[in-house]
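# Report on the structure
Listed below are the residues making up each chain.
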Amino acid sequence: MKRLQNRIAESSLTLPIAAIYCCVVWLIAILHNTSASAHSATLAIHWPEMACFALSAYIIVELNNSNMLIRVRSRMVASTFIFLSCMLVSGFQSLSAGITQICIITMLLILFHTYQNRDAAGHVYYAFLCLGLSSLIYAEYLYYVPLLWVLMASRLQSLSLRTFLASVFGILTPYWLISIWLFIQNDFTPLAVHLSGLFSFVIPANYHSLSLEQWLVYAFLLITSIAGIVHCWIYSYEDKIRIRQLYGFLTAITLITLLYIALQPHHYFLFIRVAIIGSSVLLAHFLTLTSSRLTNILFFVILGICISITAANLWMYFLNF
């Protein structure tokens, strides 16, 4: 029996409505507290960030379509990604974070094509090249490398000597190119400083550095991710083996990312976007493929909480501007 949540999840209007919602939130966040004469200039400054977010949403659509992450025709993965991303109001004005998010989603899109293909050295190279490019902005993304090797072996079943070497070359390629420039400049200090953060693990005495906005987003992602993971685990028999493995891959990435944020809250903005990517897929699976009376209610409760958090964070953003 299809309930309202299922009709919304499978509707072709869901993604356009989510896009309109996103535009409204972005415009409110960007144009608030500015004079009418400054609106056009303010909007022009933030076009690159908006373009990065739009490209991320498009790649999410491709990630869902090319892998059939949801076994019914639905745009809920991209729609959920948009709604979850809009909660992070203070992260809108970060071009570097937008670029790294594109790199991470592209990495997943390419890497998923290597499923059970131990000869996919080309795909693996380009996937890890994307990760390497993102690590030029945030070196801490290199922490994902060992985890990705484990997941390639256990979930994608694509790890071999060829793909392992391809991943190493993919990671190193951006650094080789940067090293050429630094060699010409005869100064490797910027690269050394950039990578030095990888070897420092700070144990926080408290978590007062995180704002209420950040706590709300983190808690919501944690709860909804767990709900999605439990649903995937219980009803995994309804999905194909390949899809189960991909969800296992995303589950590991999401949980490790959320755990790392809890242990290193000062890296919140570096990793929360990665958590949003995984959470959006897991939550979309839960919201689309359940159809009980309880989940129908939960659908609107989750939607209402998500919009409420976005509104509250907009308000706090205004007060702190």
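Regarding its fold elements, the protein chain presents 14 helices and zero strands. Counted from the first residue to the last, the protein chain has its helices and strands arranged as α-α-α-α-α-α-α-α-α-α-α-α-α-α. Its C-alpha radius of gyration of 20 Å places the protein chain within 12% of the 20 Å reference for a compact globule of 321 residues. For the protein chain, the spread of C-alpha atoms along the principal axes amounts to about 60 × 55 × 40 Å. For the protein chain, with 321 residues in total, the buried portion stands at 51%. Contacts in the protein chain between residues far apart in sequence, at least 24 positions, make up 80% of those at least 6 positions apart. Counting only carbon and sulfur atoms, one obtains 72% of the accessible surface of the protein chain, whose full area is about 15100 Å². Each charge class in the protein chain was averaged separately, 14 positive and 9 negative side chains, and the resulting centres sit 15 Å apart.

Applying the stated criterion across every chain yields a total of three salt bridges. Note that E238 is salt-bridged to R71, the shortest N-O span being 2.5 Å. Here R71 lies in the loop between α4 (47–67) and α5 (76–86) and E238 lies in the loop between α11 (212–234) and α12 (241–263), a separation of 167 residues in the sequence. Judged by its relative accessible area of 35%, R71 falls in the partly exposed class. When the shortest N-O distance is used, the salt bridge between R162 and D119 registers 3.8 Å.

So, about a nonpolar patch on the surface. On the surface, L222, I223, I226, V230, W233, I234, Y235 and Y237 cluster together into a nonpolar patch covering about 840 Å² of accessible area. Locating I226 in the fold gives a position in helix α11.

This brings us to the nonpolar core. Core analysis: the biggest nonpolar cluster contains 102 residues, and F81, I82, F128, L131, Y144, L148 and F249 have the highest contact counts within it. At 15 residues, helix α13 (residues 268–289) tops the list of elements feeding residues into this core. L131 has contacts with I104, M107, Y141, Y144, V145, L148 and I171, leaving out every residue within four places of it along the chain.

Parameters and conventions
- In this convention, every chain numbers its residues from 1, walking through the sequence in written order.
- A pLDDT threshold of at least 70 governs which residues receive local features in this predicted model, and a stricter bar of 80 or more applies before side-chain atom pairs are shown or counted, although totals over entire chains, interfaces and linings include all residues.
- With hydrogens and water excluded, all non-hydrogen atoms of the structure serve as input to the side-chain values.
- Under the scheme used here, helices are H or I runs from DSSP no shorter than 4 residues and strands are E runs no shorter than 2 residues, and both carry numbers assigned from the N terminus.
- This radius of gyration counts C-alpha atoms alone. The globule rule is 2.2 Å times how many residues there are, raised to the power 0.38.
- Residue exposure (1.4 Å probe, protein chains only): buried if accessible area is under 20% of the type maximum, exposed if over 50%, otherwise partly exposed.
- In what follows, residue pairs with any heavy atoms lying within 4.5 Å of each other are defined as contacts.
- Note on areas: Shrake-Rupley with a 1.4 Å probe; residue coverage comes only from the protein chains shown.
- Positive charge is attributed to Lys and Arg, negative charge to Asp and Glu, and no charge count is given to His or to the chain ends.
- For this purpose, a charge sits on NZ of Lys, CZ of Arg, CG of Asp or CD of Glu.
- Put simply, a salt bridge is a Lys or Arg side-chain nitrogen that is within 4 Å of an Asp or Glu carboxyl oxygen.
- The residues that make up patches have over 30% relative accessible area and no salt bridge, and they are joined within 9 Å when like-charged or within 5 Å when they are Val, Leu, Ile, Met, Phe, Trp or Tyr.
- Only buried residues count toward a nonpolar core. Its members are Ala, Val, Leu, Ile, Met, Phe, Trp, Tyr and Cys residues joined through side-chain atoms within 4.5 Å.

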